[in-house]
Amino acid sequence: MNRTTLSLIAGTTALAAVTGFAALSAPDAPGTDTAAKAAAQLPVERTSLLCPAPSTSDLAETSYTSFTPVTKGTGSGGKAELREAAEESADAPADGKDKGKDKDDGKSGEDKPGKPVLTSKEPGKPVTGDSSGGEAPALVGTADGRFAPGWTVQETTEVAAGTGRGLQGVNCTAPDTDFWFPGASTDADRTDYVHLTNPDDSAAVVDLELYGKDGALKSAVGEGITVPPHSSEPVLLSTLTGERQTNLTVHVNVRSGRVGAAVQALDDKLGGDWLAASTDPSGSLVLPGIPADATSVRLVAFTPGDADADLKVRLASPSGPITPAGHETVHVKGGMTSAVDLGDVTRGEAGSLVLTPTDRSVPVVAALRVVRGKGDKQETAFIPATRPLGARATSAGNSGKGSTLSLTAPGAAATVKVTASAGSEGGTPVSKTYTIKAGTTQDIEPPAPGGLKGTYALTVETVSGGPVYGARTLTASEGGVPAFTVQTLPDDRGTVAVPEADEDLSVLQR
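Fair warning: this is a prediction, and the values are worked out from it, not measured in the lab.

**Observations regarding the pattern of salt bridges**
No. 1: Taken as a whole and judged by the stated rule, the model has 13 salt bridges.
No. 2: With its nearest N and O atoms 2.8 Å apart, the salt bridge here joins Asp 293 to Arg 372. In this pair, Asp 293 sits in the loop between strand S19 (285-290) and strand S20 (294-302) while Arg 372 sits in strand S26 (residues 365-372), placing the two residues 79 residues apart along the sequence.
No. 3: Here Asp 293 falls in the partly exposed class, since its relative accessible area comes to 41%.
No. 4: Across the salt bridge formed by Asp 341 and Arg 298, the nearest N and O atoms sit 2.9 Å from each other. Taken together, the residues Asp 341 in strand S24 (residues 337-343) and Arg 298 in strand S20 connect sequence positions 43 residues apart.
No. 5: Put simply, Lys 79, Glu 81 and Arg 83 are held in one network by salt bridges that share partners.

Here it is as structure tokens:
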């Protein structure tokens, strides 16, 4: 998630805590120039990723793929490892209610991650693992040294039958303190959980806020939820409120500590998938990767402030921007969740939704619920608003077929380089360059490594032009159901701008 710009001292202190490498330089001798030098882009040296427990279904089959792209300027050491999260305490309610009441503060350090389940061997080559059934735990992962920059982990689950049947996929998330999830639900056909995973040695305390079509929903049990160290807590949304709401926005606000958060949205009739967090509230948003054969698209939007937002709705199609007939604009009331059914807005062509303010800019979060198929052969996936891919973004867990890369340039045209990594069991990397025309979306059947064995990763780098937004779609056939899952491709933040300061700023630290 994006954070607002920090001051020099606060930003450098935060980088030191997160990446383990940032530091202020010593002051120069008297009489030298004390102006801060230009910031240098340096690789991050440590990062964390958190994977939620994949499923409670006995029919679930889950695969994990861990991948770090090769980054210049890194050393030769380090590792990337995923470990089982600590088990919930025996007295912890399964629905997450009343956590944090009369409990230990979690600072004893007794809860530790479990056994390692996936360890990367070298950057540039994916490693895979799998699990079966409904007992697979959440995973807590760290990467350091040459494995940290751009580290990506994909969790993909196939569920053959029952609630949420189909293909469910999620990028394991970095810990943070603030998440927005427009598109959740407490409808009778839905079973939605928000998964909270704590990577640290101390407990995290979290508030869950729910916003429906009329504003905030009252929920005393959503306050002060404690997530013990190195553990994960799934919270069933319907236990937080007695109101049935078809379209909800969930706000995860962390009072202390950090968590990874994701919503698992399971439908009795339409399958299910993971709903990843929307990018931070913004006046303009891009939601990339609507499949060409989508039969139903629903936009869910929310503005956290009191001011209403009026947004222009455009579809970036392969031939250029299109304004959907009858849905030229959408009005979002302050503090209330709005939903608009766009139908088969793509009309057989791939597209990306672009939202811009009609007048003044009001911060908004948004997501799409996308359905493929008809009748009892329907399947659901979610596309949150996302950041541009920036310098580089990576998608892991691709196979020789069933992967589609969707790239959109909502402003100026852009050129990108797509690199398919070596396979997890063998193969030779290959790269190809693509040009995305201004205002368009291009669906790409990505290049596959030569002699591919196993799964591979796709790394997309911006070569020139305007900002590019992207998503990767995985498809499979589950008993005639067009199962699919979509993951967006935000910048991997493999490097950080670190200013070299000659001035002694230690007096500013208190």
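**Regarding the pairing of strand S38 (residues 495-498)**
No. 1: Going residue by residue along S38, you find Val 496 and Val 498 tucked away on one face and Thr 495 and Ala 497 left uncovered on the opposite face.
No. 2: Relative to S38, strand S1 (residues 40-43) runs antiparallel, the two being bridged by four bridges. Across the sheet, the residue bridging to Ala 40 is Val 498, located in S38.

**Observations regarding the sheet that holds S26**
No. 1: Overall, antiparallel pairing links the four strands, which are arranged S24-S20-S26-S27 in an open sheet. Since the sheet does not close on itself, it has two edges, and those belong to S24 and strand S27 (379-384), each with one partner. On average, each strand axis in the sheet is tilted by 20° relative to the strand beside it, whichever way the strands run.
No. 2: Pairing of S26 with S27, which is carried by six bridges, proceeds in the antiparallel orientation. Considered in S27, the bridge of Arg 369 is made with Phe 382.

**So, the packing of aromatic side chains**
No. 1: Enumeration according to the criterion identifies four aromatic pairs in this entry.
No. 2: With a centroid separation of 6.3 Å and 15° between ring planes, the pair formed by Phe 179 and Phe 181 is classed as stacked.
No. 3: Joined through ring pairs, the aromatic side chains of Trp 180, Tyr 211 and Phe 302 make up one cluster.
No. 4: Over the aromatic face of Phe 484 sits the side chain of Arg 372, whose NZ or CZ is 5.1 Å from the ring centroid.

**Side note on the nonpolar core**
One broad trend across soluble globular proteins is that nonpolar side chains are buried collectively.
No. 1: Counting residues in hydrophobic clusters, the biggest one holds 28 residues, and the most contacted among them are Leu 287, Ile 290, Val 297, Leu 299, Leu 353, Leu 355 and Leu 368.
No. 2: Contributions of two or more residues to this core are made by S19, S20, strand S21 (309-317), strand S23 (329-332), strand S25 (351-357), S26, S27 and strand S37 (481-488).
No. 3: Among all residues touching Leu 355, those that are not within four sequence positions of it are Gly 283, Ser 284, Leu 285, Leu 287, Leu 299, Leu 311, Lys 312, Val 313 and Ala 366.
No. 4: One finds Phe 181, Val 206, Ile 225 and Val 227 within the second-largest nonpolar core, a separate group that totals 27 residues.

**Observations concerning the state of the cysteines**
No. 1: Tallied over the full model, the rule gives one disulfide.
No. 2: The disulfide partner of Cys 51 is Cys 172, and the gap between their sulfur atoms is 2.0 Å. Around the S-S axis, the bridge from Cys 51 to Cys 172 shows a dihedral of about 110° and counts as right-handed. One end of the pair, Cys 51, is in strand S2 (residues 46-51); the other, Cys 172, is in the loop between strand S9 (166-171) and strand S10 (178-184), and 121 residues separate them in sequence.
No. 3: A relative accessible area of 0% means that Cys 51 is categorised as buried.
No. 4: Residue classification places Cys 172 among the buried residues on the basis of a relative accessible area of 6%.

**A word on unusual backbone geometry**
No. 1: A positive phi angle, near 55°, is found at His 230, a position not held by glycine.
No. 2: Here His 230 lies in the loop between strand S14 (225-227) and strand S15 (232-236).

Calculation rules
Residues numbered from 1 in each chain as written. Predicted model: local features only at pLDDT ≥ 70, side-chain atom pairs only at ≥ 80, totals over all residues. Heavy atoms only, no water. Salt bridge = Lys/Arg side-chain N within 4 Å of Asp/Glu carboxyl O. Helix = DSSP H or I, 4+ residues; strand = E, 2+ residues; numbered from the N terminus. Buried < 20%, exposed > 50% of the residue type's maximum accessible area, 1.4 Å probe, protein only. Pairing = 2+ DSSP bridges. Axes fitted to C-alpha atoms, helices over the stretch in contact; angles between N-to-C directions. Phe/Tyr/Trp six-rings, centres within 6.5 Å; stacked < 30°, edge-to-face > 60°. Lys NZ or Arg CZ within 6 Å of the ring centre and 35° of its normal. Core = buried A, V, L, I, M, F, W, Y, C linked by side-chain atoms within 4.5 Å. Contact = heavy atoms within 4.5 Å. Disulfide = S-S within 2.5 Å.

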